[in-house]
Amino acid sequence: MKPIITFLLLCSFSLISPRVFANEPVDVAIGYVYQKRDLNYILSMKEDNFKPAILLAISDFNKSTFAQKKNITVHLKEYAANNKTIDLQRTYLRAVNDGVIAILGIPTSKEALLVGKLAQESKVLTFSMSGSHNKIGQFGEYLYSGSGSLSSNNKIILSKIFNNRKPKNVLVITDQNDPFSSGFADRVLKSLETLPNNYQMLHVAKKAVFSQEQIDSITSTNYDFIIISIYTYNGVRLLNELTNSKIITNQPIIVPGAWYYDNSALKHIKNSPNLYSITTLSTSWIDKNASLFTKRINKSLHRSTKPNDILAYDITQMILKSLPKASTINREQIKNAFLQIKGTYKGIAGPYFYDNCNGHPRKNIFLLKLTDNFSFKTIHSSISVKDSSCTQ
């Protein structure tokens, strides 16, 4: 670990003193850490979409009987890092040193893995909003994701796409420098049980353009399944390039749930491909099961409810619901209180059940298909099962 980070980490332990619930005013801070982005990520995820629902959850808690009786006020402290690895780690430790009781934000898998070790060493309960990498669970009791693990359900979902037939020639487009991208592609391939007869992996850099050599290498093969494991904005650009080159005709294409969470880039898709996505939330489920919450979002934010709103609200509430179970307000007590509810918490999006060895909750899985008007429609749902990677 770099010296400056080691120094900041050591300093952080001396700043947190236990505070006993009493009638004197108690101010509690939750840290919101995110990384400033290039245009690709801003268009794909828009991390500020999380903030309004976080603030709504905090406001609801501050109005609760418990908070008013105990004279507790929770507020949000924002920490924006530059688009560099070392600055994200420094920014995370700035939040640690400021005495926040927990940290949320850190939306991508890459960011979550970068701060996981710091969360473990500083002993701060930390939530990645939507990191999906299966290694998030390796940091024990201190790093979690709000995104359900798709590993155990991909097999069921893929059987629906292929009607239980096996694809023979698979094209995989991924960014091997991005844990999210490579992790999604790896999970989908593993869900095919045995590798297809022929699969070709194309690695694209940040600019997300194919070289002529790459185009030439794939035009001679008739692929019956394509995996595009890239964030939405650049992924749509690659999709259109494949369509223009007549590599894509009508074969099934699967993309990450990030394509569903951001629908602004979908309008740039040419034609209407046979495109599928997998996610742990869907608009149809939200409309059916979260109508009261959507009305609140619509009224307070003057816009329709997005999946990120529900995700942000539920994660924030999980942290806040830990407060009444803690005898004192300190990080260890909050973490221990969370461990008591992590198998029973029920949020707007339904139950969040965390296995002991997995940083992802078990959640319902939805298979979505792109419609002619370039929006996603739910065509199948599956009850989440225990992740096969979890042996405890």
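Residue indices follow the written sequence of each chain, beginning from 1 at its first position. For a predicted model such as this one, the threshold for reporting local features is a pLDDT of at least 70, and the threshold for listing and counting side-chain atom pairs is 80 or more; totals across whole chains, interfaces and linings nevertheless cover every residue. Calculated side-chain values reflect all of the structure's heavy atoms, with hydrogen atoms and water omitted.

1. A look at the overall build of the chain
Definition in use: Strands are runs of DSSP state E lasting at least 2 residues, helices are runs of H or I lasting at least 4, and numbering of each runs from the N terminus. Burial classes: relative accessible area under 20% of the type maximum marks a residue as buried, over 50% as exposed, and values in between as partly exposed (1.4 Å probe, protein chains only). We call two residues in contact whenever any of their non-hydrogen atoms come within 4.5 Å of each other.
In terms of regular secondary structure, the chain is built from 15 helices and 18 strands. A buried classification covers 56% of the 392 residues belonging to the chain. Nonlocal contacts in the chain, meaning residues at least 24 apart in sequence, comprise 69% of its contacts between residues at least 6 apart.

2. Concerning the pairing of strand β18 (residues 376-382)
Our working rule: Pairing between strands is defined by DSSP: at least two bridges between the two strands are required.
In this sheet, β18 lies alongside strand β17 (residues 365-370) in antiparallel orientation, the contact comprising six bridges. Across the sheet, the residue bridging to Ile365 is Ser382, located in β18.

3. Quick look at the packing of aromatic side chains
Condition: Paired rings are identified among Phe, Tyr and Trp, the last through its six-membered ring, by centres lying within 6.5 Å, and are further divided according to the angle between planes into stacked (under 30 degrees), edge-to-face (over 60) and tilted (the rest). Two thresholds decide whether a charge sits over a ring: the Lys NZ or Arg CZ must be within 6 Å of the ring centre and within 35 degrees of the ring normal.
Applying the stated criterion across every chain yields a total of 10 aromatic pairs. When the centroid spacing of 5.3 Å and the interplanar angle of 90° are considered together, the rings of Phe127 and Phe338 count as edge-to-face. Highlighted residues: Phe127 in strand β5 (residues 125-128) and Phe338 in helix α15 (residues 331-341), separated in sequence by 211 residues. Each member of the pair, Phe127 together with Phe338, is buried. Centre to centre, the rings of Tyr345 and Tyr352 are 5.9 Å apart; their planes meet at 55°, and the pair counts as tilted. The pair formed by Tyr345 and Tyr352 is uniform in burial state, with each residue classed as buried. Ring pairs connect the aromatic residues Phe127, Tyr144, Phe338 and Tyr354, which therefore count as one cluster. Against the face of Tyr276 rests Lys369, its NZ or CZ located 5.5 Å from the ring centre.

4. Remarks on the pairing of strand β11 (residues 275-279)
Across the five residues of β11, five count as buried, placing the element largely inside the fold. Across the two faces of β11 the burial is the same, with Leu275, Ser277 and Thr279 and Tyr276 and Ile278 all buried. Both strand β10 (residues 253-255) and β11 contribute to a ladder of three bridges, which runs parallel. What sits directly across from Ile254, in β11, is Tyr276.

5. Section: the confidence of the model for the chain
Selection rule: pLDDT measures the predictor's confidence residue by residue and takes values from 0 up to 100.
With 83% of its residues at a pLDDT of 70 or more, the chain shows a mean pLDDT of 80. Confidence over residues 38-48 falls short of pLDDT 50; this stretch has 32 contacts with residues more than four positions distant or in other chains.

6. Topic: the nonpolar core
Put simply, the rule is: Here the nonpolar core consists of buried residues drawn from Ala, Val, Leu, Ile, Met, Phe, Trp, Tyr and Cys, with membership extended through side-chain atoms lying within 4.5 Å.
Counting residues in each nonpolar core, the largest one holds 79 residues, and the members touching the most others are Phe127, Ile173, Ile228 and Trp259. Apart from residues no more than four positions distant in its own chain, Trp259 is found in contact with Ile228, Ile230, Tyr231, Thr232, Gly235, Val236, Leu239, Leu266, Ile269, Leu275 and Phe376. The next biggest cluster of nonpolar side chains, apart from the first, holds 21 residues, and it includes Ala29, Ala119, Ile136 and Tyr142.

7. Section: helix α8 (residues 179-191)
Three or four residues apart is the spacing at which side chains of an α-helix point the same way, because the helix has 3.6 residues per turn. This is how it is decided: Given a helix with a known number of residues, its expected span is that number minus one, times 1.5 Å.
With 13 residues, α8 should reach 18 Å at 1.5 Å per residue; the first-to-last C-alpha distance of 18 Å fits that figure. Across the 13 residues of α8, 10 count as buried, placing the element largely inside the fold. Within the sequence span of α8, burial applies to Pro179, Phe180, Ser181, Gly183, Phe184, Ala185, Arg187, Val188, Leu189 and Ser191.

8. Considering the environment of Ile103
The residue Ile103 is located in strand β4 (residues 102-105) in this model. Classification of Ile103 by relative accessible area gives buried; the value is 0%. Ile103 sits 70 residues away from Val33 along the chain, and the two C-alpha atoms are 7.0 Å apart. Those residues within four positions of Ile103 in sequence are excluded, and the remaining contacts are Gly31, Val33, Tyr92, Ala95, Val96, Val124, Leu125, Thr126 and Phe127.

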